[in-house]
Every structure is written in C-alpha cells, then in structure tokens.
Amino acid sequence: MDVLKFGFQYWKKNLGKSIVTQLMSFIALGADLLLPLITSMFVDYIIKNEKPNNDTLFSFMLSGRYGQIHTMELFWHLAALFLALLFLKLLFVYIKNVWNQKLGLRMETDLRMATFKKLIELDSATISDFNTGELLTTINSDTIMYKELFCRIIPNILDSAFVLATTIIILATISPYLLIIPVILIPIFAFALQRFKKQARMNYRNIRACNSDMNLKVQENIEAVRLVRSFTNEEKEKEKFNASNDSLRESYIKQITLSSSFEAAFSSIKQIAYIGSIGVSAVLVMNGQIRLGFLVACTEYVMKIMNYITMINNMIFQMQQQIVSGYKMMHFMETESRIPDGTEQLEEKEPPHISFRHASIKLDDKNILDDITLDIPYGKKIGIVGGTGSGKSTLLESLIRIHDVTEGEILINGKNIRQCTLKSLRSKFAYVFQDVFLFSNTIDSNISYADPEIDEEAVIKAARHAQAHNFITKLEEGYDTIVGERGLGISGGQKQRVSIARALLKDAPVLVLDDSTSALDVDTEKRLLADIKENYSKKTLLISAHRLSSVVDCDEILYLLDGKIVERGTFDELMELDGHFANVYRIQQAQQKSVVDFDSLSDKEV
C-alpha cells in the first residue's frame, strides 16, 4: 500500500532497533507459550502420578535429577522454571513496550517536523486550499495517530502471527484433532472482520472530518473574538460550535456502536472456541490419545489462537483510523507548491537592480497585473498608488514570489527571479505586509526576529527610526512587554510601527512598505518616512499606499488601474498631467483631517 511506503520513509531510520525490539517480543511470547506445557506437567506429574513421557520440551525435568514424580521437590523445581519463564516474559515485554514507544515518539517527532517544514515551504495560494482546521489536524493529530501504525499496530500483528504459527505447531505435535476448532472458526473471523473493516474506515474518515471542522471553528473564534463581540453574535457562534460538537459526538457514537458490535461478535466466537476446545480435548483424553494435563494446556493454546486472531482483527480494525490519517498526511506531503524553488544564487553583496519586463499575472481568468514594464536601479524610491483591487500588493508580492508572473519576467541583476533560490531572493527584501502579524512574544523579540542574537542597542535604534520607541518605553514592561496572538494588546498603528522596526532591523537592500502606514496619523507617517529616507537613503524603497501624500517625495510614482500602469512620473509631473493621481490627491487633501498622535505629545521621536 502507498500509505505504508510513505510511512516507511520515516520509520526506516528506526528499522534496526525495531527489529531488535521485535525479536525481544518473540522471546517474551516464546516464554509465554511454554508456560502451558509446565502447567500440564503440574497436573500429570505432581497432582497425578503419570509415568514419565518424553513428549514435551521439559521432559528432562522428569529424569529424577530434579525430584521424583508426585513429590514436592519436583513441584518446587517446576515452579522455579515456571517463574523463570514468567520473569523472562515480563522483562522482555517491558523492554519491548518502552522501546516501541520511544521509537514511535521519534517517528512522531520526525513526522511533525516534516509536515511543518512542508507547511513553511508551500506558497500562500497552495496553503489556502486547506482550511486551518485541516492543517492543524494533519500536523498534530494525524502524526500521533499514524505513528501508532508502526510502533503498535504492525508489531502486534507480527506478534500475533508468531503466536499463531508457534501454537499451531505445538497443537499439531500433541494431536492434529486439536486444530479442528481454529480451522472452522478462522474463516468466520475473516468474514466478520471484512464486514466491520469497511464501515470502520468510513467512520474514522467522518470522525477526522468532524475534528478538523471543530478545530476550524475554535481557531476562527479565537481570532475573531473582538468581531464576534462587536456584532453581539455570541449566540450564533455558540450555535455553530454546538452543531460541530454534536456532529463530532454523533460520529464517535456511531464508531462506538460499531466497536461494541465488533467486540460482541468476536467475544461470542471466542467463547464458542473455548467450549469447543474443551469438548475436543475431553474426547481425546477419554480415548487415551492425550494426557489430562494436555487438556488444560490445549484449552489454553486454543484460547491463545482465538485471542491472537481477535488481536489481529482488532489491530486491522483500528488500523483503518491510522490509514485515514496516513492518507491525509501523504496527500499533504505530496502537494506541490505552485512556487517551485530555483537553483541559482543571487550574489549576497551585489546591490539589486530590479526590472519588470512585460510582466503579467492572470488568476482565475482575470488579469491582476497587465504588461508591467519597470526599471528600478538600486537606491531608487518608488511609490505605487491606486484604488482597491488595482494590483498594488500583487505587484510587490511578485518580487518575493508570493505570486509568480504568468507572462513576461522579473529580473534582479539580469537573472530571472524564477531561476533564483527563494532564500537568496527573499534575503534581498525587508517586507512589511499590510496585514500586520506579531508573534505571541515580547516586543523586543518581534523586532529582532531576523536576528534574535542582535544587541539591544540595534533593536532600540530600529524602533526609533520606526517611530515606535516612544510608545514602547511608556509600556509597563517596555521592550519586554508580551503582545498577544496577532499583536492583540497594542493598537493597529503601534503594531505597524513594530513591524516596520522589524523590517528595518533586517537591513535588507530593498525595503517594501505595502500600505503599512495606513493606521498611522499623517504627522507620524511623515516623520517615519522622512526618517527612513534620511537614514536608509541608499536602500531601494518601494511604497504602496492609498494615502497619496505618502509617496509625494518618491523618485517615481506609479498609478495603477485594473492591474495596468496608467500614469507614471514624479509628483510634480503627475500633478501637471492632471489625471487620476492629481484628482485623487486633491480630493484627499480637501478631506484630510489632522489626527492627534498621542504618543508624540510628550516627546518627539527621533
């Protein structure tokens, strides 16, 4: 099966230890299978007074060296042998269980690392094909479930096969008639298993889907808690959650009902086997074909056959859940990124010269960017403006290959960026997205994200240039203040300034501000941009903005409409052109109202 081949990629590093563990398990099972033979000797040679017979592995105990038949001396020697085998069994079972679990946890860790690495490598569009609940289930629950297939299910099936083979051989040496009951009942077991297995796999798929939906509902409500409260929609969200919760409960009840039916059916078969084995053994004893002690041993061996057949059935039954998880993980790991990595390296110290040559991006039969031709020498300041949906963000994101152009090409220092490794390409850019994200950590660690070991002075310097130092020092814990998930706990404008400080600290040759000053008041934005242009004058600066005053000092301004550059030039040239840019700029200036920057009332930021 493909799903087993997929898992073996991660299990094969454990193969040597798992083989040793399996051998220890066979030793423990072998010791356990010898115990009924000693029990039969207690019956025949301690309780009764049978004549010695060399028909078992332990007939040497009857030589007289270990005591005469029907004596306490022989009893104690047999008891010591029994306890020795029991101790050997328990010791090796303990070691096997510990090692198997350690190997399983090792595989689980590897699977989780592999799936998380895949998540990081996939592009945004590909990731969007999976909902958040599905991804959480794949990376967390499925890894736990799938490793059970290799550290528990398969070893138990191998154990059961070993016991069945060994027990059948032992019974056949005692009397072939003792195999009548197992031979009759095994086909019944197989038929019942096949019937239950298909339904179990369907149930486990449904349980997993319900779990994914539950994870999604919880995750969405954690992120949207303020939105839900502002719309007073708590009851509606509770209803949605209750519906998911009820579906999950019903899926589990359905599986519990099936499992109960499974257990009842197989328990009934086992009881029939037990009674039948006693009957066959009794007839053989009465006919003098086997000794009385063998009746006890054979009954136990037949029950072992039934128990281990049941175990195989149980393992195959439970395996359906692991297989479902394995298929989901395999599908995720085999998902190809729509942004494949290149092979060429961009020179680290070479200043990037960016060129767009008739670049277009078409998504779902819609032109997002249309025939963009643009030359950006290192150090040039470019402003990109336009209405919502004009393609500003897409143009900037295409530089770091969040989207790939479908026509034309983008070059850096003459190299097509699709041929460059993503790491060397993205190292050239310090990107500030319009959707700001801060990690659940201190402000200091968020700013120093590009270089966690950097000194505090550099962090403060970047915060000052981003106009963030003043408000940070007013916080009770200062730079050690922990912001909540997605930056909850500080304002939108404060989050934007922290994210800009993070980009400045990266010190990449190209700084990209994708509408990342929208939450700032006009005065703070002016100070911030002036500071960046003064202190990072040699860097290429790309700014997209809805507020046209943000780009007035740029070397060149692009006005986008429906993915096309419809106007370009300096601020004065565009105002003289009296087109889209000039009209929007005049409207914004007329409507502009000053917003007080409370952070700057006491101290001006440097």
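### So, unusual backbone geometry
- Although it is not a glycine, Arg 401 sits at a positive phi angle of roughly 60°.
- Structurally, Arg 401 can be placed in the loop between α10 (392–399) and β4 (407–412).
- Phi is positive for Asp 507, which is not a glycine, with a value near 60°.
- Within the secondary structure, Asp 507 is located in the loop between α15 (492–506) and β7 (510–514).

### Points about the layout of surface pockets
- Looking at the second largest pocket, its volume works out to about 300 Å³.
- If you trace the second largest pocket, you find 15 residues lining it, with Glu 348, Lys 349, Ser 427, Lys 428 and Pro 509 closest to the centre.
- Each residue belonging to the lining of the second largest pocket can be placed in one class, and the counts come to six nonpolar, two polar and seven charged.

### Remarks on empty space enclosed by the protein
- Applying the stated criterion across every chain, the model contains one cavity of 30 Å³ or more.
- Quantified by volume, the largest cavity comes out at close to 30 Å³.
- Surrounding the largest cavity, Ser 398, Arg 401, His 403, Asp 404, Val 405, Ile 410, Ile 417 and Arg 418 form its lining.
- Of the residues belonging to the lining of the largest cavity, the class tally is three nonpolar, two polar and three charged.

### Digging into the packing of helix α2 (residues 15–47) against helix α5 (residues 132–174)
- With their axes 10 Å apart at the nearest point, α2 and α5 run at an angle of 35° to one another. Note on packing geometry: the crossing formed by α2 with α5 is right-handed. Listed contacts from α5 to Gln 22, Ser 25, Phe 26, Leu 29, Gly 30 and Leu 33 of α2 are Pro 155, Leu 158, Asp 159, Phe 162, Val 163, Thr 166, Thr 167 and Ile 170.

### What to know about the sheet that holds β7
- Reading across from one edge, β6-β7-β8-β3-β9-β10 is the order of the six strands in this open sheet, with mixed pairing throughout. Lying at the two open borders of the sheet, with one neighbouring strand each, are β6 (429–432) and β10 (564–569). Neighbouring strand axes in the sheet, compared pairwise and without regard to direction, differ in orientation by 15° on average.
- Docked against the sheet, helix α18 (residues 580–591) engages β3 (381–386), β9 (556–561) and β10, running at close to 95° with respect to β9.

### Re the pairing of strand β2 (residues 366–376)
- As paired elements, strand β1 (residues 354–363) and β2 share seven bridges and run antiparallel to each other. When the sheet's bridge partners are listed, Ala 359 is paired in β2 with Ile 372.
- What sits between β1 and β2 in their antiparallel hairpin is a turn of two residues, with Asp 364 showing a positive phi close to 50°.

### Observations concerning the pattern of salt bridges
- Applying the stated rule across the entire model yields 28 salt bridges.
- Lys 147 is the partner of Glu 148 in a salt bridge, and the nearest nitrogen-oxygen pair spans 3.1 Å.
- In this structure Glu 148 comes out as buried when scored by relative accessible area, which is 15%.
- The buried category is assigned to Lys 147, whose relative accessible area is 5%.
- The residue Asp 404 makes a salt bridge to Arg 418 at a minimum N-O spacing of 3.8 Å. Of this pair, Asp 404 sits in the loop between α10 and β4 while Arg 418 sits in the loop between β5 (415–416) and α11 (422–426), and the two are 14 residues apart along the sequence.
- Within the structure, one salt-bridge network assembled from shared partners comprises Glu 108, Arg 112, Lys 147, Glu 148 and Arg 152.

Each value, and the rule that gives it
- Residues numbered from 1 in each chain as written.
- Predicted model: local features only at pLDDT ≥ 70, side-chain atom pairs only at ≥ 80, totals over all residues.
- Heavy atoms only, no water.
- Helix = DSSP H or I, 4+ residues; strand = E, 2+ residues; numbered from the N terminus.
- 1 Å grid on protein atoms, 1.4 Å probe; cavity = no way out; pocket = protein on both sides within 12 Å on 5 of 7 lines; lining within 4 Å.
- Points joined across faces, edges and corners; volume = space filled by probe spheres on them.
- Nonpolar A, V, L, I, M, F, W, Y, C, P; charged D, E, K, R; others polar.
- Axes fitted to C-alpha atoms, helices over the stretch in contact; angles between N-to-C directions.
- Left-handed = near helix turned anticlockwise from the far one by under 90°.
- Contact = heavy atoms within 4.5 Å.
- Pairing = 2+ DSSP bridges.
- Salt bridge = Lys/Arg side-chain N within 4 Å of Asp/Glu carboxyl O.
- Buried < 20%, exposed > 50% of the residue type's maximum accessible area, 1.4 Å probe, protein only.

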